[in-house]
Amino acid sequence: MNLKSITQEVCTISKEVGIFILEECKKFNVSDIEIKSQNSLVTYVDKTAEKMIVNFLGKLIPESGFIAEEGTSVKKGDVYNWVIDPLDGTTNFIHAIPCYCVSIGLLKNDELIVGVIYEPNRDEMFYAWKNGGAYLNENSISVSKTNKLSDSLLATGFPYYDYRRLEAYMDILKWLMHNSRGVRRIGSAAIDLAYVACGRFEAFYEYSLNPWDVAAGALIVKEAGGSVTDFQGGKNYLFGSEIIASNKYMEAELLDKIKGSF
Ligand code: IPD
Ligand code: CA
Ligand code: CA
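The model shown is predicted, which means the values in this text are computed figures rather than measured ones.

Asker: Explanation requested: the packing of helix H4 (residues 166-179) against helix H7 (residues 251-261) in the structure shown.
Answerer: Describing two packed helices takes the angle between their axes plus the distance from one axis to the other. Closest axis-to-axis distance for the H4/H7 pair is 9 Å, and the angle between their directions is 145°. In this structure, H4 crosses over H7, and the sense of that crossing is right-handed. Packed against H4, whose contacting residues are Ala 168, Ile 172, Trp 175 and Leu 176, the element H7 presents Glu 253, Leu 254, Lys 257, Ile 258 and Ser 261 at the interface. Within the contact of H4 with H7, the residues separate by chemical class into 6 nonpolar, 1 polar and 2 charged.

Asker: Explain the domain arrangement of the protein chain to me, please; I cannot follow it from the model alone.
Answerer: For an interface, size is often stated in terms of accessible area lost upon the parts coming together. Examined at the domain level, the protein chain breaks down into domain 1 (3-140) and domain 2 (149-261). Using only C-alpha atoms to locate each centre, domain 1 and domain 2 end up separated by 21 Å. Taken together, the contacts link 37 residues of domain 1 with 26 residues of domain 2. The junction of domain 1 with domain 2 conceals about 2,300 Å² of combined surface from both sides, 67% of it contributed by carbon and sulfur atoms. Ranking the residues of domain 1 by area buried against domain 2 places Leu 112, Ile 117 and Phe 126 at the top, with a combined share of 22%. Between the two partners, domain 1 and domain 2, sit 1 salt bridge. Counting the contacts that link domain 1 with domain 2 gives 9 residue pairs in polar contact (both at pLDDT 80 or more). Among the elements that line the side of domain 1 that touches domain 2, the one with the most residues is strand E6 (residues 111-119), at 7 residues. For the side of domain 1 that touches domain 2, the class distribution of residues is 20 nonpolar, 10 polar and 7 charged.

Asker: Would you mind showing me how to read the coordination of the calcium ion (ligand 2) here?
Answerer: Under perfect tetrahedral coordination by four donors, a metal shows angles of 109.5 degrees; under perfect octahedral coordination by six donors, it shows angles of 90 or 180 degrees. For the calcium ion (ligand 2), the full set of protein donor atoms is Asp 85 (OD), Asp 88 (OD) and Asp 213 (OD), at a range of 2.1 to 2.2 Å. Taken in chain order, the donor set of the calcium ion (ligand 2) reads D-x2-D-x124-D. Between the two metal centres, the calcium ion (ligand 2) and the calcium ion (ligand 3), the spacing is 3.8 Å, with Asp 85 acting as a shared donor. Highlighted residues: Asp 85 in strand E4 (residues 80-88) and Asp 213 in helix H6 (residues 211-223), separated in sequence by 128 residues. Note on Asp 213: relative accessible area 10%, which makes it buried.

Asker: Whenever I open this one, the coordination of the calcium ion (ligand 3) confuses me. Can you help?
Answerer: Taken together, Glu 69 (OE), Asp 85 (OD) and Leu 87 (O) make up the full set of protein donors to the calcium ion (ligand 3), lying 2.2 to 2.4 Å away. The sequence motif formed by the donor residues of the calcium ion (ligand 3) is E-x15-D-x1-L. Judged by its relative accessible area of 23%, Glu 69 is partly exposed. A relative accessible area of 1% places Asp 85 in the buried class.

Procedures and definitions
- Residues numbered from 1 in each chain as written.
- Chains lettered and ligands numbered in written order.
- Predicted model: local features only at pLDDT ≥ 70, side-chain atom pairs only at ≥ 80, totals over all residues.
- Heavy atoms only, no water.
- Axes fitted to C-alpha atoms, helices over the stretch in contact; angles between N-to-C directions.
- Helix = DSSP H or I, 4+ residues; strand = E, 2+ residues; numbered from the N terminus.
- Left-handed = near helix turned anticlockwise from the far one by under 90°.
- Contact = heavy atoms within 4.5 Å.
- Nonpolar A, V, L, I, M, F, W, Y, C, P; charged D, E, K, R; others polar.
- Domains from an automatic or database assignment.
- Buried area = accessible area lost by both parts, 1.4 Å probe.
- Salt bridge = Lys/Arg side-chain N within 4 Å of Asp/Glu carboxyl O.
- Polar contact = N/O pair within 3.5 Å; in protein donor to acceptor, adjacent residues only side chain to side chain.
- Donors = N, O, S within 2.8 Å, 3.2 Å for Na, K, Ca; no water.
- Buried < 20%, exposed > 50% of the residue type's maximum accessible area, 1.4 Å probe, protein only.

Spelled out as structure tokens, the structure:
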């Protein structure tokens, strides 16, 4: 399988879907919102976007299966499975905040081999394939070289339904407010990861995530020279719901703090 050309195809469908989402944002109104669970919203735009993606990728690799947020396809592939978030940042989309993206990863058995994140408002395409490096539009990208936490800009996602670990989370946030340049909550985990990959953020951490939030971004960060772990420093970040992604320099200090507090 030629991973570079598969990645290019995934970029093509991501852009098409991104443009569709952008157009729908202009027509969108509140009656289009459905509530899945506490603070978890969905719209016809998420669902239509996912159908467009599944339809395209199902033809690209006919034997592949899908792990897709809106459940458009539940087909499981023996070897290849796409991990899809058709619209990461739905709450931003609904509130017309221009920070959302399409995120598509490809798993070969348990290994991520392709990752694409397209941010339509900025026309930024982040992509990577296994051992091929990471890119933003036409350019190769790498994580930041900043090695001091006090010079670092960090990203996180605030807990919005699982509040059992809120105290521990707030302790870490408080400590980082004192010890870094600042902490951002953009509202799209995939964009947070893409921004670690291209050096805009030094690190990102969040819990209560799903595989489709992080699949593409985790590969892009790794191919950009960064590191990705779960909250224990292990590799269970895809299905384990917790992630720390960083430019490597921040890993030890963040892990130490998070492990000690959670
Ligand atoms: C959400 C975003 C958000 C993160 C949530 C995700 P959605 O995805 O990535 O930044 O904090 O955990 O669920 O619902 O917009 O696809
Ligand atoms: Ca998501
Ligand atoms: Ca989504």
